[in-house]
Amino acid sequence: MSRSTRRGVRAGAIGAVVTLGVGLLTAGLGGAASAAPLGGAGVPAVTSGTADDSLSPRLRELSAGGGDLSVEALAAVAPELGVPLTGAGSLQVDDGRVAVSVYLASGPSDADLAALGALGEVTASSTLFHRVSALVAPADLAAVSALPNVTTVAEALAPATGADASVTTDAVKGAIATATSATSTAATAAADADADDSCRTVDANLVPPLGVDTAWSDYGVTGAGITIGVISDSFASAPGSVTTPAEDVAAGLLPGPGNPCGDETPVEVVTEGADSGTDEGRAMAQLVYSIAPGARILFAAAGTDELTFHDAILDLADAGADVIVDDITMLSDPFYQDGPIGWAVEQVTARNVAYLAAAGNFTTLGEEGYPSAGYPLTSYEALEYQPTTCPDGVLEQVIDPTTVDCLDFDPGAGEDATNTLTLKGGSLTVDLQWAEAVGAAEGAFRFAIETPAGMWLISPANAATLPNVIGSITTTPGEYDFAIIRDTSSGPASEVTPRIKVLLADRGQTAAAEYFESGDGVVIGPTITGHAGNQDTMAVAAAPFDDPLEPESYTSGGPVTHLFDYQPEISPIATPYPEPVVIDNPAFMSVDGGYTNFFGDPVSDGVYAFYGTSAASPAAAAVMALGMQLRPDASVAQLREALTSTAQAVDVSRPGIEPSNLTGSGLIDSVAYLAAVDALPKPAPTPTPTPTPTPTTAPAGGDQLAATGTTPESVGMLAGLGALAIALLAAGSVLLRARRAPRR
């Protein structure tokens, strides 16, 4: 509902701290065209642009702003750029250079890489995807975008991890403290006869709710012989971390030389993350080790963008990973198709590597006292863009008001250009995507937010050819009007009406929403996105370890809908599916709140509780590895079926979402899973080939065979006896086979 019809209900509202750029709006909205054309026979083609239109609006601002990327300078420009200073959605800066994703019309060729290398540092490249990841100084951004084969240069915004979600409430912290006090001295079942709780300084508290202690004793599995790869932001690079990996090893919480539990194979770091990381990967490794202490553990950092993440997946598989688990959400990872990350998941799955991912912590349920109480509020999707007139506050900032319109949120006969959100205050990151192929988008959309003080904040535009806009705002308590703007100033090609979706990464601050029910043409609730929704990914939902049949309020739900078929071996531009493809994720639910000695919410001296699907997913990956050890001949498909089919169904009722879309098949059960794995059909033994006898030829010149004393007549007799013996043996073999057949 527009603010003009509700001014009287806003008594005492407090204004917002602005971190969403207004200056970028007046510089471009309702202005010149900025999208590359489509073409080709059935497959969209891309063409290189100019330095002006191939550089994203944010990067243009950085390029024109003098190139200072110091913390002080970024703090000054972050509001105009619509990014937070740190955390998910922020610019990634390394030694005076900003991380960028470069899209090319072809290649990149050696000449392209040489040209890019002369202007910055190439950190990843792919001729399959026609992409390059790089670090570039602001002064060189325009030169990069002017290279002849370059179509788009976009900022690579920092990904979201469980640490960014801030999912643990004060009430949950209190429950953790109580549970910790009650259980901190309780014994944890041993992984083998030589290991007991005395070798750990922190309890393995995720073991009992998943039945792992019984699985250890009944099946004797510890993950031995299995390699688990972990992908997150960093392992041991966060400044000021409470502990070091060596201290974790000495505490019995990671394997390595000197581990008191006797597990001396250290975690292998394939690639390390930047010092802006949180070392969440090390916390994940601690949880993996607590459940599969015999497994070999690898770590790789996700890096700066989709391409570096893709490389991390393949690097872990090449290093021998049997299971890979991640907790990273790249905000640019496409909603409506796979990208390089999803493609990598499919490649390693085809190599019989199991891939699990955190479902995400992006759901916020409406608070009591509002009509939207209990409903999931942090995603809104229109199955088709329906235009209406934008609010006056938006039109006042537009160069040409006749070339913009806004999404009509009203599903009925009326028209409403805004969705009113009641926010509790905090950091809000908005991820807006629409259904055009990545690299060939012609639509131009933005989002806008009106603060309680009446100020309209409008996001920067999307980079040319990319169907996404990401921006952030820091809010204080109050009501905010949210709008989605379409800019058609570039001509008829931009007058698209695609399916369009907004995800609010709100850290739990959305208390209520004006529109909260799915209906005709509208889907509200699903928050699993990107590669976590890939058909081969096992996305993991979360429940608290001390109440494992009640899913966390923040755990992301499905399903995921793909509209484009991504086959980069044919073309880096995805083509439309004949019909939408609906993918059911999450696959199942695990538990979070796992104890570490450095990461999460402090609950007692030296004990921290790690919450979120980022904690639930490594626990599930470790359980998966136990089954792999039990039956190394089993396929990933068989193991996935065993884990999902034996999960304990969860009786949960929340308005606006199906239980299976929230918890998958239910809470994983280690004992039932291993029983199902153990019962899998055994592979047929490979028969031993029967050697073919070599015939002996009598030497010329005599009847006596040399050095045998055997005459030709006796040879014939022996041959007859041999034939008889072979016949008898064959008959016996038939009898044996006939007698054994019923026992199969």
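Note that residues are indexed from 1 along each chain, following the sequence as it is written. Local features are withheld for residues below a pLDDT of 70 in this predicted model, meaning they are given only at 70 or higher, and side-chain atom pairs are given and counted only at 80 or more; totals for whole chains, interfaces and linings count all residues. Side-chain measures here rest on the full set of heavy atoms in the structure, leaving out hydrogens and waters.

**Q** Can you walk me through the overall build of the chain in this structure?
**A** When helices and strands are counted, the chain shows 19 helices and 29 strands. Put simply, the chain has 744 residues, and 55% of those count as buried. Should any heavy atoms of two residues lie within 4.5 Å, those residues are counted as being in contact. Taking as baseline every contact in the chain between residues at least 6 positions apart, the subset at least 24 positions apart corresponds to 80%. The Shrake-Rupley method, run with a 1.4 Å probe, gives the accessible areas here. Residue values count only the displayed protein chains as cover. Accessible surface, the chain as shown: approximately 28900 Å² in total, 55% of it carbon and sulfur. Helix numbering and strand numbering both begin at the N terminus, where a helix is a DSSP run of H or I of at least 4 residues and a strand a DSSP run of E of at least 2. Each residue is placed in one exposure class: buried if its accessible area under a 1.4 Å probe, protein chains only, is under 20% of its type's maximum, exposed if it is over 50%, and partly exposed if it falls in between.

**Q** Mind showing me how you'd approach the layout of surface pockets here?
**A** Once rolled over the atoms, a probe with the size of a water molecule shows which space is left empty. Method remark: on a 1 Å grid restricted to protein atoms, a set of points is classed as a cavity if a 1.4 Å probe fits but cannot get out and as a pocket if it is open with protein on both sides within 12 Å along at least five of seven lines; lining residues have an atom within 4 Å of a point. Grid points are joined across faces, edges and corners, and a volume is the space filled by probe spheres set on the points. Considering only enclosed or pocket space, the largest pocket measures out at about 1100 Å³ in volume. Of all the secondary-structure elements, those providing two or more residues to the lining of the largest pocket are helix H4 (71-81), strand E1 (93-94), strand E3 (120-126) and helix H12 (306-318). At five residues, the largest contribution of residues to the lining of the largest pocket is made by H4. Just so you know the grouping, Ala, Val, Leu, Ile, Met, Phe, Trp, Tyr, Cys and Pro go in nonpolar, Asp, Glu, Lys and Arg go in charged, and all remaining residues, Gly too, go in polar. Here the lining of the largest pocket is built from residues that sort into 22 nonpolar, 15 polar and nine charged.

**Q** Would you explain the pairing of strand E7 (residues 268-271) in this entry?
**A** For a regular strand, side-chain orientation follows a simple rule: the groups alternate between the two sheet faces. A pair of strands is treated as paired once DSSP finds two or more bridges between them. Strand direction decides the pairing type here: E7 and strand E8 (residues 296-301), joined by three bridges, are parallel. In the strand pairing of E8, Thr271 is matched with Ala300. Since E7 and E8 lie parallel, the crossover through helix H11 (residues 280-291) that links them has a hand, and here it is left-handed. If the strands point away from the viewer and the path from the first strand over the helix to the second runs clockwise, then the crossover is right-handed.

**Q** Quick question: what am I supposed to make of unusual backbone geometry here?
**A** Both trends apply: most residues other than glycine have a negative phi, and most peptide bonds are in trans. In this chain, Gly107 is followed by Pro108 through a cis amide linkage whose omega measures 10°. Residue placement: Pro108 occurs in the loop between strand E2 (97-104) and helix H5 (110-119). Residue Pro559 is reached from Gly558 by a cis peptide bond, and omega for that bond is 0°. Take Pro559: it is sitting in the loop between strand E23 (538-544) and strand E24 (560-565). One non-glycine residue, Asp95, adopts positive backbone phi at about 55°. Examined against the element boundaries, Asp95 turns out to sit in the loop between E1 and E2. Unlike most non-glycine residues, Arg507 shows phi in positive territory, near 55°. Inspection of the secondary structure assignment puts Arg507 in the loop between strand E20 (500-505) and strand E21 (510-513). In this structure Arg507 comes out as partly exposed when scored by relative accessible area, which is 25%.

**Q** So what exactly am I meant to see when it comes to the sheet that holds strand E10 (residues 354-358) here?
**A** Backbone hydrogen bonds are what pair the strands of a sheet, in a parallel or an antiparallel way. The sheet built from seven strands is open, its strands ordered E7-E8-E6-E9-E10-E23-E26 with parallel pairing. Unpaired on one side and paired on the other, E7 and strand E26 (588-592) mark the two borders of the sheet. Recorded for the sheet is a direction-independent mean angle of 30° between the axes of neighbouring strands. Both E23 and E26 contribute to a ladder of five bridges, which runs parallel. Following the sheet pairing, Ala543 is matched in E26 by Val591. Geometry is summarised by axes, namely lines fitted to C-alpha atoms with helices restricted to the contacting stretch, and by angles between N-to-C directions that run from 0 to 180 degrees.

**Q** What am I meant to see in the state of the cysteines here?
**A** Here, disulfide denotes a covalent bond that connects the sulfur atoms of two cysteines. A pair of sulfur atoms, both from cysteines and within 2.5 Å, is called a disulfide here. Counting across every chain of the model gives two disulfides. Residue Cys199 pairs covalently with Cys261 via a disulfide, S to S 2.1 Å. Negative torsions about the S-S bond denote left-handed disulfides, and the value of about 100° found for Cys199 with Cys261 makes this one right-handed. Of this pair, Cys199 sits in the loop between helix H8 (170-183) and helix H9 (212-219) while Cys261 is found in the loop between helix H10 (245-250) and E7, placing the two residues 62 residues apart along the sequence. A residue is classified by how much of its surface remains accessible, and Cys261, at 11% relative accessible area, is buried.

**Q** Got a minute to help me understand the packing of H11 against helix H15 (residues 613-630) in this structure?
**A** To describe two helices that pack against each other, one gives the angle between their axes and the distance between the axes. H15 packs onto H11 with a crossing angle of 40° between their chain directions and a minimal axis gap of 8 Å. What the angle tells us is that H11 and H15 run oblique. Classified by chirality, the crossing of H15 by H11 is right-handed. From H11, Glu280, Met284, Leu287, Val288 and Ile291 reach across to H15, where they touch Ser614, Ala615, Ser617, Pro618, Ala619, Ala622, Val623 and Leu626. By residue class, the composition of the contact of H11 with H15 is ten nonpolar, two polar and one charged. Throughout this description, any angle smaller than 35 degrees is read as roughly parallel, any larger than 145 degrees as roughly antiparallel, any in the 65 to 115 degree range as roughly perpendicular, and the remainder as oblique. Note: crossing handedness is left-handed where the near helix turns anticlockwise from the far helix by less than a right angle, and right-handed where it turns clockwise.

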